[in-house]
Amino acid sequence: MHAVRHIPLALASVTATAPAFASDAGGGAGMWIWISVIAILMAALAIVVAIEARRRTETLKQLRDEARTEAERFRKTIEGTNAVAWEFDPTNNLCSYVSPQAELLLGFPLNAWTQPGFWRENIHPEDRSFVIEFFRAQTELGYDHELEYRMLHADGQTVFVRDMRTVHRKPDGSIDRISSLLINLSVHKATEAALEDSEARFRSTFEQAAVGIAMCSLAGRYSRVNRRFTEISGYSEADLLQMDFRELVHADDAQRFDAQLMPLAGSDREVITLEMRIRRRDGSLVWVAMTVSVVRALSRDPSQYMVVIEDISGRKQTEAVLRESEARMRTIISSLDEGIVMRNAAGDVEVCNEAVAKIYGMTLAEFYRFRLDSGQIEFVFADGSQRAAETLPPMLALAGDEPVADMIAFRNHDGEIRTLWTKSTPLHREDDPRPYAVVTTVTDMTQRLQGEAELRLAASVFENSVEAIVVAGADRNIVRVNPAFSTVTGFEVRDVIGHSLPDVTGSRHETGFFEGVWRSIERDGFWQGEVWNTRKNGKAFPAWLSISSVRDHDGLISNYVAVFSDITERKANEARIAYLAHHDPLTGLPNRALMQDRLSQSLARAHRERTMVGLLFLDLDRFKMINDSLGHHAGDRLLQQVAERVRTCVRDSDTICRQGGDEFIIVLNDMPNTRAPARVAEKILGSLAEPFDVDTHRIGTSFSIGIAVYPNDGRDPESLMKNADTAMYHAKESGRNTFRFFTEAMNANALERLQLENALRQAVERNELTLYYQPQVSLKDGMVVGAEALLRWQHPQRGFISPARFIPIAEESGLIVPIGRWVLREACRQARAWEKQGLPPIMMAVNMSALQFRRDNVVAMVREVLEETGHEPDRVELELTESLLMENAGEVLSTIQQLKGLGVRLSIDDFGTGYSSLSYLKRFAVDRLKIDQSFVRDVPIDSDDAAIVRAIIQLGEALKLDVIAEGAETIAQVEFLRREGCSEAQGYYWCPPVPPGVFQSMLHRGIITPEADRAMLSIG
């Protein structure tokens, strides 16, 4: 190639020098020389061109060989896979190449692919038009393209393929050919369908399962529950997804459940199963069989739990029903009702059929091992006495060598006595006169005898039934009546035989009424309902009538049976029940349901007539104290008298309702103005000013009244009641024995109270709660002998919140229960920590809320705290109130005895402020009395308080109880307590409640000095 490029340059050089050469050479000789040079150069050029053409030819050949090799290699690669490669001319759609795998793809021979229209004809008919149009459009655009569609196999089956096409063009840009690669997607599609089907089956199984199924994280949070799980637990799916699955477990089963669950995820065990109780949302308990399985990830690490529960509360009853059902089914499907058994001379079973095993309640294998003298079955006589095995027919037949038939009875495993008719025949061999075996046929007569007994019973029932029974023929004419019929109606048998059934059972009704009754009986075979009947003396009475048709073997009606009873008394009871359903049984006032209905009607009428309705919410002040001190009977008598006085203060058109307990609601209709409810409230308060005489007591009381007015304070019953209730609480806070109208400010206070409650719910989690400790001091030597743990709340935005504000909210909302658990645990932990630091042990006193005592499992909670903290139980003192001890004394006594069994001490807090009984102090075996600070405060100047404190101290000495006084603030109070023999006290005289660190420094010193400690507190 380089020589060719240089030839023109050489020729030009020669040509340029030719004239000079010619002129130098002279004349014609120079010309010939130049021509010769030209000729030589042209020959050389021809040789070079020929050589270059040959080299190009060889290069093109080499490239073609390499292309053929590459194409061959590509085809072999394709043919080595399951994909099908083929090429075709798009102008005539004739195939020019197809790989051998085509036979496996569609089952047609390779030459079939070269036939015109082969590909088009074997596209699935449902896809054909779309596929052809798609490829045509893409080919015209000249794009490479691909598509998934269905083709038909030679055997008619559907084959899913992915068709990937490449468009090859000629140098001029026109389409030369199209190559296609077909990949079989049938297996992939089948896998996708199987996965979808599997997922659908799982979802269907999960949601429609007859058992409750839930998926939980390893931490115990629900992530998915099915419908049955919500039905069994009583919680909605939304509720459960916010819960830990341990929360459902009954407290008594929680420890056993945790003991099995804890090692599950970390061991080789995959599942635990146990029967336990769960507490439903409504508080009821249900027994379940719970299975907890570990679900592992692909790495085999535990990923979550699957919890399956099944309600087994009625399992025992169900199992009994199933056993009875199976026994009946065995009798029905048995091909041979008569049992056959052959025993040898020794009494062993050699041959028996399944029927006899069923009669005796055994399996065939068990019956083969059954001997009459084994004691396995208790045979009895008709009177129930035991029958010896040697008196049974098989044994008698063997002994006497003659057939014996007899009725025998035995007591089965369920205690039921079954009666059998048996016939035993001895068998002989020709060469032996002695029987070698005995064959016994057994027929179970129990059902037949029971049937006969039932027939006798039915006859007895017919004759002795207190309900009137009438039997009529298919023509509805009476053929028989029982004696009760005459008793109920006064008609004799001869008066009604042959008369029409409707004329006797429903004589006060028109004929059209019984036409509908007979249509129901013809359709359903039964009718029942209330009718009016007439006695022989002409007096009408209501009756409950049931009429049934009786059909014969051919399905035709043979008789009608009518049963009716006099329901006069029941109707009266229903009227009384209807009254009780809408009235308070104690006061006779309308109850909440009736009040709601009347209030709705009053508001609807007020809306139409544009008038006002007043709603008064009344709460009897200090009623709980009356109940606790005088008893519930006195409280009930007081409520009745209060209701009578309130009745005199309102109009007949108004409604007074006892809401429940000591709460009343009054609906005042057609109020002329907003001042009218206030006048009614003043009238009620004035009426209650006069004391009530209850038994031997003279009781004074009053109402706190909240007032809401329609439409100013609400336009629906719920709003009015809520706002009146809010106003009532405001009246209580204003000193009681008064009334308050609802205002928006009250609503704001209620909202603030709700916000405070919500903040309190998060206080424990956010470590906002802490305990302060007030020292309990020995009055003998000034030593710190104990501490009372007192709860404090430091809110990050609101600052220090007084216990007087948040403790009542905790009590009302129920938060006092978890908070109380935390207080006990923290107090015991702190006391134990001080002891580990070498400080002297002290008594740790913790207040126990009455609500916590009633709702929480106190015994289990205290036991758990003691085990967790390691604190000694005899250095823990639980402070209880007198009212708590008096409520449900039996249950409280049981709980206190269990607490005493744990070793903890008990004291009565605020002793003397409630109703105390010396017998209860002895029964409850408390350890200490705590004198309320209200008595201690004025002992130096108030002789009554001094007498009360002195009496409590002497009572403690007499009952051998420790006595501690709280609220000691002055030296005069302390000196009085010391003189009267009180052993211990606490109060601001020594120091207020202090943080743990300050109290720890007091323990270091041991003896508390009021002046020094107050100075230290002021410096701190």
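The rules behind the values
Residues numbered from 1 in each chain as written. Predicted model: local features only at pLDDT ≥ 70, side-chain atom pairs only at ≥ 80, totals over all residues. Heavy atoms only, no water. Helix = DSSP H or I, 4+ residues; strand = E, 2+ residues; numbered from the N terminus. Buried < 20%, exposed > 50% of the residue type's maximum accessible area, 1.4 Å probe, protein only. Contact = heavy atoms within 4.5 Å. Areas by Shrake-Rupley, 256 points an atom, 1.4 Å probe, with all protein chains shown as cover. Axes fitted to C-alpha atoms, helices over the stretch in contact; angles between N-to-C directions. Parallel < 35°, antiparallel > 145°, perpendicular 65-115°, else oblique. Nonpolar A, V, L, I, M, F, W, Y, C, P; charged D, E, K, R; others polar. Core = buried A, V, L, I, M, F, W, Y, C linked by side-chain atoms within 4.5 Å. pLDDT = per-residue confidence, 0-100. Pairing = 2+ DSSP bridges. Salt bridge = Lys/Arg side-chain N within 4 Å of Asp/Glu carboxyl O. Expected span 1.5 Å × (residues − 1). Left-handed = near helix turned anticlockwise from the far one by under 90°. Phe/Tyr/Trp six-rings, centres within 6.5 Å; stacked < 30°, edge-to-face > 60°. Lys NZ or Arg CZ within 6 Å of the ring centre and 35° of its normal.

### Brief notes about the overall build of the protein chain
- Along the protein chain, the regular secondary structure elements total 38 helices and 37 strands.
- Going through the 1020 residues of the protein chain one by one, you find that 40% of them count as buried.
- Taking all contacts inside the protein chain whose residues are at least 6 apart in sequence as the whole, residues at least 24 apart take part in 53%.
- For the protein chain, the computed accessible surface area is about 55,100 Å², with 53% contributed by carbon and sulfur atoms.

### Considerations on the packing of helix H22 (residues 623-630) against helix H23 (residues 632-647)
- Contact pair H22 / H23: the axes reach a minimum separation of 6 Å and the direction vectors enclose 135°. Taken together, H22 and H23 sit at an angle that is classed as oblique. Taken together, the residues of H23 that come into contact with H22 (itself represented by Phe623, Ile626, Asn627 and Leu630) are His632, Ala634, Gly635, Leu638 and Leu639.
- Tallied by class, the residues present in the contact of H22 with H23 amount to six nonpolar, three polar and no charged.

### As for the nonpolar core
- Counting 84 residues, the largest nonpolar core has Leu977 and Phe999 as its most contacted members.
- Here the element with the most residues in this core is helix H28 (residues 816-836); it accounts for nine residues.
- Residue contacts for phenylalanine 999: discarding those within four places in its chain leaves Tyr773, Gln774, Pro775, Val784, Gly786, Ala787, Trp834, Ile842 and Val994.
- In terms of nonpolar packing, the next biggest core, distinct from the first, is built from 35 residues, Ala643, Ile666, Ala676 and Ala678 among them.

### Some points on the confidence of the model for the protein chain
- Within the protein chain, residue pLDDT values average 83, and 88% of them lie at 70 or more.
- When the criterion is pLDDT under 50, residues 1-26 qualifies, and its contacts beyond four places in sequence or with other chains add up to 20 contacts.
- pLDDT under 50 marks residues 329-334. Its contacts with residues more than four places away, or in other chains, come to four contacts.

### Quick look at the environment of threonine 568
- Tracing the backbone through its elements, the reader meets threonine 568 in helix H20 (residues 568-581).
- Take threonine 568: its relative accessible area is 39%, and that puts it in the partly exposed class.
- Distance from threonine 568 to alanine 540, taken between C-alpha atoms, is 10.0 Å for residues 28 residues apart in sequence.

### Comments concerning the sheet that holds strand E28 (residues 739-741)
- An order of E23-E24-E22-E27-E28 is seen for the five strands of this open sheet, with the pairing classed as mixed. Strand pairing shows two members of the sheet lacking a second neighbour, strand E23 (655-660) and E28, which therefore form its edges. Within this sheet the neighbouring strands show an average axis-to-axis angle of 20°, counted without direction.
- Summarising the sheet, strand E22 (residues 612-620) and strand E24 (residues 663-671) pair through seven bridges and their orientation is antiparallel. When the sheet's bridge partners are listed, leucine 616 is paired in E24 with isoleucine 666.

### What to know about the pattern of salt bridges
- A full pass over the atoms with the stated rule returns 54 salt bridges.
- For aspartate 495, the salt bridge identified is with lysine 536, shortest N-O distance 3.2 Å. Taken together, the positions of aspartate 495 in helix H17 (residues 493-496) and lysine 536 in the loop between strand E19 (526-534) and strand E20 (540-551) put the pair 41 residues apart, joining distant regions of the chain.
- Overlapping salt bridges bring together Glu877, Arg905, Arg928, Asp962 and Glu984 as one network.

### Structural notes on helix H6 (residues 128-141)
- The terminal C-alpha atoms of H6 lie 20 Å apart, and with 14 residues this matches the ideal 20 Å at 1.5 Å per residue to within 8%.
- Summarising the contacts, the buried residues of H6 are in contact with helix H5 (118-121), strand E3 (145-152), strand E4 (158-169) and strand E5 (175-184).
- Once H6 ends, the next one or two residues include glycine 142, with phi positive near 80°.

### A word on the packing of H28 against helix H30 (residues 858-869)
- In contact at an axis separation of 10 Å, H28 and H30 are set at 30° when each is read in the N-to-C sense. When the interaxial angle is binned, H28 and H30 end up roughly parallel. The two elements H28 and H30 meet at a crossing, and its hand is right-handed. Residues Arg821, Leu824, Arg825, Cys828, Arg829 and Arg832 of H28 form the contact with H30, whose own contacting residues are Met861, Val862, Glu864, Val865, Glu868 and Thr869.
- Residues that form the contact of H28 with H30 fall into these classes: five nonpolar, one polar and six charged.

### Thoughts on the pairing of strand E17 (residues 468-473)
- Most of E17 is tucked away: six of the six residues are buried.
- Residues of E17 alternate between two faces, with Ala468, Val470 and Ala472 on one and Ile469, Val471 and Gly473 on the opposite face, all of them buried.
- With six bridges connecting them, E17 and strand E21 (residues 557-566) associate as antiparallel partners. Bridge pairing links isoleucine 469 to valine 563 in E21.
- Sheet analysis places E17 next to strand E18 (residues 478-481), joined by three bridges and oriented antiparallel. Along E18, the bridge assignment pairs alanine 472 with isoleucine 478.

### Digging into the pairing of strand E11 (residues 339-344)
- Of all six residues in E11, five are buried; the element is thus mostly enclosed.
- The pairing of E11 with strand E16 (residues 432-444) spans six bridges and is antiparallel. Directly across from asparagine 344, in E16, lies its bridge partner alanine 437.
- By the bridge criterion, three bridges tie E11 to strand E12 (residues 349-352) in an arrangement that is antiparallel. In the sheet register, arginine 343 faces E12, and the bridge partner there is valine 349.
- Here E11 hands over to E12 after four residues, with glycine 347 in that stretch at a positive phi of 95°.

### Considerations on the sheet that holds strand E6 (residues 212-217)
- Strand order in the open sheet made by the five strands is E7-E6-E10-E9-E8, with antiparallel pairing throughout. Strand pairing shows two members of the sheet lacking a second neighbour, strand E7 (222-225) and strand E8 (271-279), which therefore form its edges. Across the sheet, the axes of successive neighbouring strands diverge by a mean angle of 25°, strand direction being ignored.
- For strand E9 (residues 285-296) and strand E10 (residues 302-311), the ladder comprises nine bridges, and the chain directions are antiparallel. Bridged to methionine 290 within E10 is isoleucine 309.

### Regarding the packing of aromatic side chains
- One pass over the full model with this rule turns up 25 aromatic pairs.
- Relative to phenylalanine 229, the ring of tyrosine 222 lies with its centre 5.5 Å away and its plane at 65°, an arrangement referred to as edge-to-face.
- A relative accessible area of 1% means that phenylalanine 229 is categorised as buried.
- By the ring-pair criterion, three or more aromatic residues cluster together here, those being Trp86, Phe88, Phe108, Trp113, Phe118, Trp119, Phe130, Phe134, Phe135 and Tyr149.
- The side chain of arginine 535 reaches across the aromatic face of phenylalanine 541, ending 4.1 Å from its centre.
- Directly above the ring of phenylalanine 692 sits arginine 645, whose terminal nitrogen or CZ lies 3.6 Å from the centroid.

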